[in-house]
Amino acid sequence: MTTTVITHIGSLVTNDPSVGDGSPLGLIRDAAVVIEDDKIAWVGPTAAAPAADGTYDADGRAVIPGFVDSHSHLVFAGDRTAEFNARMSGLSYSAGGIRTTVAATRAATDAELEANLLRHLGEARRQGTTTFETKSGYGLTVDDEARALRIAAAHTEEVTYLGAHIVSPDYADDPAGYVDLVTGDMLAACAPYARWVDVFCEKGAFDGDQARAILTAGAAAGLIPRIHANQLGHGPGVQLAVELEAASADHCTHLTDADVDALGQAAATTVATLLPGAEFSTRAQWPDARRLIGAGATVALSTDCNPGSSYTSSMPFCIALAVRDMRMTPDEALWSATAGGARALRRTDIGTLAPGARADLVVLDAPSHVHLAYRPGVPLVSAVWQRGVRAY
């Protein structure tokens, strides 16, 4: 057993409202944290901190839980710079650009795909992400989807089967046949590597009936549903997420009053995961986080890191966007990027710095977490502990 105490933390965010100032962030001033092996063993004021084998002096810096990035697409090859350039020159975003990445991913070797995944994970870790979810969806054949999930599963336990990203180009004239493949042979090959099943429920991808069939089949195979919902326009995705008790409805950009009410009523089961990097990168309408929070919905923030519509691995950047353009407070945005992401992954051991939680934490080169939005674009992450080990 090895212990480390981090002392003189200017502002400690625990996400435990039973401690500190009693807010949802559970703020403790001039705080200390004791790490025992890979767990948080104690939090409290520095003056009361127990002795430990090692000491790290935070020197007045803020400490927050590691970011929980609950939505990303990191197993891919190639990039879509030309598409982004065209979009910034006036073209609109549609789901069809995914086919470009599908072609590059199919042509890549396993080693190339894994190296690209690790590069993005390193980026994310340096910016404070200690837990990430990632999906397949750029192979769209049985073998390519299975290998994507196998590669991802070697690096995270939060792996999502997204064979239903778009209809495979190989089935352009037979969408029903592709749904049969996604719910049949492809699901059987992919389920052993995944925890989650997802579908892009959107015009140009899969309609409500197809999405229901795919998520229901995934659930029957032991996978937990989540869904890309209401990104490009109004549609059935959010209502389907609530109906099937999906862990998360992701994007939630175009919502009716009924959609907002449904997410508020389902706050204990279905998280509204907002992905501001996508709106930034596509110049699309911003999700109205204020409306969701007002309805009582549980809100998470995530990067949606992918080569087409949100090529950022930076959770601090997404926090700044959420505060500036989605009308979240700095406290709400930080909670959503940590505890909210944990809720979207149905985890209680991450996203918090309460005793017993996994020792994932970030030291900021700033006195308060508010600086994440106050100083956008500035590299504020000073140190990262992941599973009790200093990883950056």
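Details of the structure are given in the entry above.
Source: prediction; values computed, not measured. (Residues numbered from 1 in each chain as written. Predicted model: local features only at pLDDT ≥ 70, side-chain atom pairs only at ≥ 80, totals over all residues. Heavy atoms only, no water.)

Our focus in this paragraph is the pattern of salt bridges. Oppositely charged side chains may form a pair once their charged atoms are brought near each other. Per the stated rule, a full pass over the model turns up 24 salt bridges. The residue Arg-358 makes a salt bridge to Glu-157 at a minimum N-O spacing of 3.5 Å. On the criterion of sequence distance, the pair formed by Arg-358 in the loop between helix H13 (330-344) and strand E16 (361-364) and Glu-157 in the loop between helix H4 (142-153) and strand E9 (159-164) is long-range, its members being 201 residues apart. When the shortest N-O distance is used, the salt bridge between Arg-212 and Glu-243 registers 2.8 Å. Of this pair, Arg-212 sits in helix H7 (residues 208-220) while Glu-243 sits in helix H8 (residues 237-243), and the two are 31 residues apart along the sequence. (Salt bridge = Lys/Arg side-chain N within 4 Å of Asp/Glu carboxyl O. Helix = DSSP H or I, 4+ residues; strand = E, 2+ residues; numbered from the N terminus.)

The subject of this paragraph is unusual backbone geometry. Positive phi, normally seen in glycine, also occurs at Asp-30, with a value near 40 degrees. By the secondary structure assignment, Asp-30 is in strand E2 (residues 28-36). Taking the relative accessible area as the measure of exposure, Asp-30 reaches 43% and is therefore partly exposed. For Asn-230, which is not a glycine, the phi torsion comes out positive at approximately 60 degrees. (Buried < 20%, exposed > 50% of the residue type's maximum accessible area, 1.4 Å probe, protein only.)

All right, on to the environment of Pro-65 then. With respect to the helices and strands, the residue Pro-65 is situated in strand E5 (residues 62-65). With 272 residues separating them along the chain, Pro-65 and Ala-337 place their C-alpha atoms 9.4 Å apart. Sequence-distant contacts of Pro-65, that is, excluding residues within four places in its chain, are made with Val-13, Asn-15, Thr-338, Gly-351, Thr-352, Leu-353, Asp-360, Leu-361 and Val-362. (Contact = heavy atoms within 4.5 Å.)

A few words now on the packing of aromatic side chains. Applying the stated criterion across every chain yields a total of six aromatic pairs. A ring pair is formed by Phe-76 and Tyr-138, whose centres lie 6.3 Å apart and whose planes are at 70 degrees; its orientation type is edge-to-face. Placement of Phe-76 in the loop between strand E6 (67-69) and helix H1 (81-88) and of Tyr-138 in the loop between strand E8 (134-135) and H4 is noted, with a sequence separation of 62 residues between them. Judged by relative accessible area, Phe-76 falls into the buried class, the value being 1%. Aromatic side chains Tyr-171 and Tyr-178 sit 5.5 Å apart centroid to centroid with 50 degrees between the ring planes, which places their arrangement in the tilted category. The exposure class of Tyr-178 is buried, given its relative accessible area of 0%. (Phe/Tyr/Trp six-rings, centres within 6.5 Å; stacked < 30°, edge-to-face > 60°.)

Alternating positions in E16 separate into two faces, Leu-361 and Val-363 on one and Val-362 and Leu-364 on the other, with burial throughout. One ladder, built from three bridges, connects E5 with E16; its direction is antiparallel. Residue pairing across strands places Ile-64 opposite Val-362, the latter belonging to E16. Bridge count between E16 and strand E17 (residues 381-386): four bridges; the pairing is antiparallel. Bridged to Val-362 within E17 is Val-384. (Pairing = 2+ DSSP bridges.)

This brings us to helix H3 (residues 110-126). In a regular helix each residue adds 1.5 Å, so 17 residues correspond to 24 Å; H3 covers 24 Å between its end C-alpha atoms and thus fits that length. Every buried residue of H3 is listed here: Leu-113, Asn-116, Leu-117, His-120, Leu-121, Gly-122 and Ala-124. Those residues of H3 that are buried are in contact with helix H2 (98-107), strand E7 (129-132) and H4. In the stretch just after H3, Gly-128 is the one whose phi turns positive, near 100 degrees. (Expected span 1.5 Å × (residues − 1).)

The next subject is the pairing of E5. In the sheet, strand E1 (residues 3-12) pairs with E5 via two bridges, with the strands oriented parallel. Across the sheet, the residue bridging to Leu-12 is Val-63, located in E5.

Helices that pack against each other are described as a pair by the angle of their axes relative to one another and the distance between those axes. Here H3 crosses H4 at 45 degrees, and the two axes come no closer than 10 Å. The angle between H3 and H4 places the two elements in the oblique class. H3 and H4 meet at a crossing whose hand is right-handed. From H3, Asp-110, Leu-113, Glu-114 and Leu-117 reach across to H4, where they touch Arg-147, Arg-150, Ile-151 and Ala-152. (Axes fitted to C-alpha atoms, helices over the stretch in contact; angles between N-to-C directions. Parallel < 35°, antiparallel > 145°, perpendicular 65-115°, else oblique. Left-handed = near helix turned anticlockwise from the far one by under 90°.)

Counting 85 residues, the largest nonpolar core has Tyr-161, Phe-206, Ile-227, Leu-263, Leu-292 and Leu-301 as its most contacted members. Setting aside chain neighbours within four positions, we find Ile-227 in contact with Asp-198, Val-199, Cys-201, Leu-215, Gly-237, Leu-240, Ala-241, Ser-248, Ala-249 and Asp-250. Ala-31, Ala-58, Ala-359 and Leu-361 belong to the second-largest nonpolar core, a separate cluster that totals 18 residues. (Core = buried A, V, L, I, M, F, W, Y, C linked by side-chain atoms within 4.5 Å.)

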